[in-house]
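Examining the three-dimensional arrangement
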Amino acid sequence: MSDPAGTIAQEAVLLSASGVSKRFGGVQALRDVSLTIRRGEVYGLIGPNGAGKTSFFNVLTGLYSPDEGRVTFDGRDLPPGVPHRIAGAGIARTFQNIRLFGAMSALENVMVGRHIRLRTGVIGAILRTPAARAEEAATEARAHELLRYVGIDQLANQQATHLSYGDQRRLEIARALASEPKLLALDEPAAGMNATETGGLRTLIEKLRGDGLTVLLIEHDVKLVMGLCDRVAVLDYGEKIAEDVPDVVRRHPRVITAYLGQQADPEAA
Amino acid sequence: MTLPGDPKLRARLGIVLIGIALAVLPFVVGANFGNSWVRIIDFALLYVMLALGLNIVVGFAGLLDLGYIAFYAVGAYLYALLSSPHLATAFPAVFASAPAWSVWLVLPLGALVAGLFGVLLGTPTLKLRGDYLAIVTLGFGEIIRIFLNNLNAPLNLTNGPQGINNIQSAEIAGQSLGRSFELFGLQIPSVTAHYYFFLALTLLVIFICVRLQDSRLGRAWVAIREDELAARACGINTRNVKLLAFGLGATFGGVAGGLFAGFQGFVSPESFGLLESIMVLCMVVLGGMGHIAGVILGALLLALLPEVLRWGAAPVQQWLFGKVLVDPESLRLLLFGVALVLVMRWRPAGLWPSALRKRELAAHAEVA
Amino acid sequence: MDIFIQQIINGLVLGSIYALVALGYTMVYGILGLINFAHGEVVMIGALTALTAIGLLVPSGLPGPVVVLGGLLIAIPVCMAVGFSIERIAYRPLRNAPRLAPLITAIGVSIVLQQLAMMGWGRNYHTFPAILPTTPHQVFGAAITDLQILIVVTAAVLMAALLWLITRTRLGRAMRATSENPAVARLMGVDVDRVIAFTFVLGSALAAVAGVMVAANYSIAHYAMGFMLGLKAFTAAVLGGIGNVGGAMLGGLLLGIIESLGAGYIGDLTGGFLGSHYQDVFAFFVLILVLVFRPSGLMGEKVAERA
């Protein structure tokens, strides 16, 4: 369905979800959602409020286990419902309502993000073995690099909660990047941002794409998604109603109906 | 006297001065106030160990453990059983003579068994919400006490409410710490020998805590405390990491318990009640959750408080009201309760909170 | 005498008391998401206050039940005042604090209440005077006293009244709205602070009644009695599904029966290895089992974590 012509070579596919369904009590949050994300693209997922975007995101990142369907990532099935293993497999995420480790500095937040790639255990930490020391120094250096990458290295020693809103978003992205993800999943990163901040975010995501990272972008800001994404999928009432390049999706009648509501005349749009 | 300007040199000088102070402390205190005060300091060191152990659980990982003293009890009873005639008396068929294990075997064993108890308790409960964990640990602490109280029949394992007597003191290099002895022409009383023994182990515990805090694990604990969901998204296996905190904390409790049994020569269930757990919690909370120096301060303050009250509360009340209204023990508990409420209200980070940890990399980085 | 039936009766009596205390835990939890550790101490204060009042009323020569009622009527307002003060002084300032703070405060409050009670009433046990009829009635080969019947009936009436209050009155609706979503309830014109205060007061009134019941049932009261009772009542609330009023009632009764049967049969079950002094252990094992296998309790709903 997501690849009707079979034109995508297998190695080009990073993530494919097939037939994902999720119910909460009587509410069908996701109904048979299938989609494919290719390597190196910025993939947008949009939809009206309550369309199931966040539910899908949470299935993908292991917060929920799907009732049906499966997700294949980088050639392997994703273990459902185990966030830390999904992070290990190479999916890193940010949160819609920023969730940083408030008592820590910006730098330490990023260092925590690297946790899954580090090996030091109790004994190594207590004895501070050469291996542990080297790993620690490398982690710190890498964290600085990432802070520089997102443009806030001068704030490395600031407490995370003291950063401005836009910088906190950047810090969250740096923390996610620290786990060396193959897919970076951003949950409404532009929410609550002003125009300047959104512009900066856009530049950052373009830079990430330029460096070869695959990005999944869930957004409310349709303008940002349409201007930035290589391909876009639209969810409505838990179902995927469209998936294509922005220009085609924009003109899709079901998308127009979904966004403008039933009373609007699709012909007029 | 002028201090050297270089901060590194100053820090070293400070450490040397503190070292000298700690080394002569028991002699100064013993000579001026008597050996009973050295004994009080020995107990204060045990509390420092306990508080640092609980700090890993409550302060670093943010897990409220209200039954921590149970691990102390496990360590103490294990030491008691392996260093007293109790087993030989209760089970003459199995034990021909009183077991007298070396302290270097009993302490690690106590740590291990206490840690095992921690993992056993933690495995089913650590995935639960924090407040459930508080209640379960609270119950666990009571259960351990009930078992200690009642396991004297039909098999007399713990000797019930009477407790276990005649526990051998620790023996180091052939010298029992239970009697005073002469070393390099100096007369070393038992309390002073214990002081150095406890101090060495306390320093070891502090060292371990500092190293852990500075590591990937310390960061993971704080991350879980700050935001568990985000920690999981960062790839932290929260269940294992919490279990590790729980087990390590229990381990420290087990060691302190063993030291307590050897020092006191006697253990009974009433040393391990809920109020003891709360007292250790107070030390952590009052001192500064998650801040090693603060927790040490809290432990010292609260360990010395009852002595100060015993010494000062009655005269002050006599003077104020003409009679003693509140006995020192109740007053102490009352103050603990009030302190918990007030600290949470006005100074939730404790008397000596941890500062934001700053890192200086740029200058001395060798790895890229 | 039939031991099984007897233990069921004892369990029912005990369970009625647990249920009344569990309601206090569950209502506060439902609304604030807070375990009010100090609730057990409120029960203790109710029991000791009532005993003091009863001690003063006995010489008047009034009939026993009237004296007990008098004690109850003094204990209820005292406990309500204590509950109200706890919420106002200790918990309200921490409503937006990190989650560990109110828990630690609750422990502090619990210690303070216990020590104050010890100063007021001393360390000794207070006995309940023998003023209630204790002639046993024979039921299916087991015995039940008037007092036991009275406890079960009173508890049932109170629980029915509470259910009516929660489901049928304006105040009950405000409570349910607040527990659903305090922010929205506030927008809808509910005075959330008043609802929370009322919840504490209501729970404390039930605790006072439960305190008198415990004192009468065991004939003694003591400044430290609140701790174990509170722990068990909390277990009952978790067993039923914390936050769920019906669940607290069911959980209380079940726990009472489990404990009675356990204490009656533990000797046989373990071949005499463990005796009835392990009675207090059952509640704890029930708690662990519930939390491991069904953390939402018997009647609780599963709540998904919010991202």
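The preceding data block contains the structure.
This is a predicted model, so every value here is computed, not measured. (Residues numbered from 1 in each chain as written. Chains lettered and ligands numbered in written order. Predicted model: local features only at pLDDT ≥ 70, side-chain atom pairs only at ≥ 80, totals over all residues. Heavy atoms only, no water.)

1. Overview of the overall build of chain C
In plain terms, the rule: Helix numbers and strand numbers start at the N terminus; a helix is a DSSP run of H or I with at least 4 residues, a strand a run of E with at least 2. Only C-alpha atoms enter the radius of gyration; for comparison, a globular chain is expected to reach 2.2 Å times N to the power 0.38, where N is the number of residues. All accessible areas in this document rest on Shrake-Rupley with a 1.4 Å probe, and a residue is counted as covered only by the protein chains that are shown. Only four residue types enter the charge count, namely Lys and Arg as positive and Asp and Glu as negative; His and the chain termini do not. Where a charge lies is defined by one atom per residue type: Lys uses NZ, Arg uses CZ, Asp uses CG and Glu uses CD.
Secondary structure assignment for chain C yields 11 helices and 4 strands. For 307 residues, the compact-globule estimate of 2.2 N^0.38 gives 19 Å, and chain C sits close to it at 19 Å. Here the C-alpha coordinates of chain C stretch approximately 60 × 50 × 35 Å along the principal axes. Put simply, chain C shows about 13,300 Å² of open surface, and 67% of that area lies on carbon and sulfur atoms. Separation of charge centres in chain C, based on 15 positive and 12 negative side chains, amounts to 13 Å.

2. A look at a nonpolar patch on the surface
Short version of the rule: For patch building, the residue pool is restricted to those with more than 30% relative accessible area and no salt bridge; the joining distance is 9 Å between like charges and 5 Å between nonpolar side chains (Val, Leu, Ile, Met, Phe, Trp, Tyr). Salt bridges are defined as contacts in which a side-chain nitrogen from Lys or Arg sits within 4 Å of a carboxyl oxygen from Asp or Glu.
Together, L13(B), V16(B), L17(B), I20(B), V24(B) and V28(B) make up an exposed nonpolar region whose accessible area comes to about 490 Å². Tracing the backbone through its elements, the reader meets V24(B) in helix α1 (residues 7-33).

3. Looking at the interface of chain C and chain B
To keep things clear, this is the line we draw: Pairs of residues are marked as contacts when any of their non-hydrogen atoms sit within 4.5 Å. Here the quantity called buried area is the accessible surface, traced with a 1.4 Å probe, that two parts lose on coming together, added over both. What qualifies as a polar contact is a pair of N or O atoms within 3.5 Å, subject to a donor-acceptor requirement within protein and to the restriction that residues adjacent in sequence count only when both atoms come from side chains.
Contact residues are listed per partner, giving 43 residues for chain C and 47 residues for chain B. Counting each side, the surface lost to burial between chain C and chain B is near 4,000 Å², with a carbon and sulfur contribution of 79%. Remark: the boundary between chain C and chain B carries 0 salt bridges. Where chain C touches chain B, the interface holds 0 residue pairs in polar contact (both at pLDDT 80 or more). Per-element tally for the side of chain C that touches chain B: the top contributor is helix α4 (residues 100-121) of chain C, with 14 residues.

4. Notes on the sheet that holds strand β6 (residues 91-93) of chain A
Strands pair in a sheet through their backbones, by hydrogen bonds, and they do so in one of two ways: parallel or antiparallel. Residue and element names in this part refer to chain A. Here is the rule: DSSP bridges decide pairing: two strands pair if at least two such bridges lie between them. Convention adopted: a line fitted to C-alpha atoms gives each axis, helices being fitted over their contacting stretch, and angles between N-to-C directions are expressed from 0 to 180 degrees.
Taken together, 6 strands build an open sheet; the order of strands is β6-β7-β8-β3-β9-β10 and the sheet is mixed. If you trace the sheet from one side to the other, it starts and ends with β6 and β10 (239-244), each paired once. Looking at each pair of strands side by side, their axes are set apart by 20° on average, direction ignored. In this sheet, strand β7 (residues 183-187) lies alongside β6 in parallel orientation, the contact comprising 3 bridges. Bridge pairing in β7 links A92 to L184. Contacts between helix α7 (residues 195-210) and the sheet are confined to β3 (42-46), β7 and β8 (214-218), with β8 contributing the most and set at about 150° to the helix.

5. Some thoughts on unusual backbone geometry
The following threshold applies: Buried means the residue's accessible area, taken with a 1.4 Å probe over protein chains only, is under 20% of the maximum for its type, while exposed means over 50%, and partly exposed covers the values in between.
A positive phi angle is found at D32(A), which is not glycine, with a value near 50°. On the basis of relative accessible area, D32(A) is assigned to the exposed category, the value being 52%. A positive phi angle, near 50°, is found at F184(B), a position not held by glycine. When you line up the elements, F184(B) lands in the loop between β3 (181-183) and β4 (186-188). Overall, F184(B) belongs to the exposed group, its relative accessible area being 81%.

Remember that the coordinates give geometry; whether it matters functionally is a separate question.
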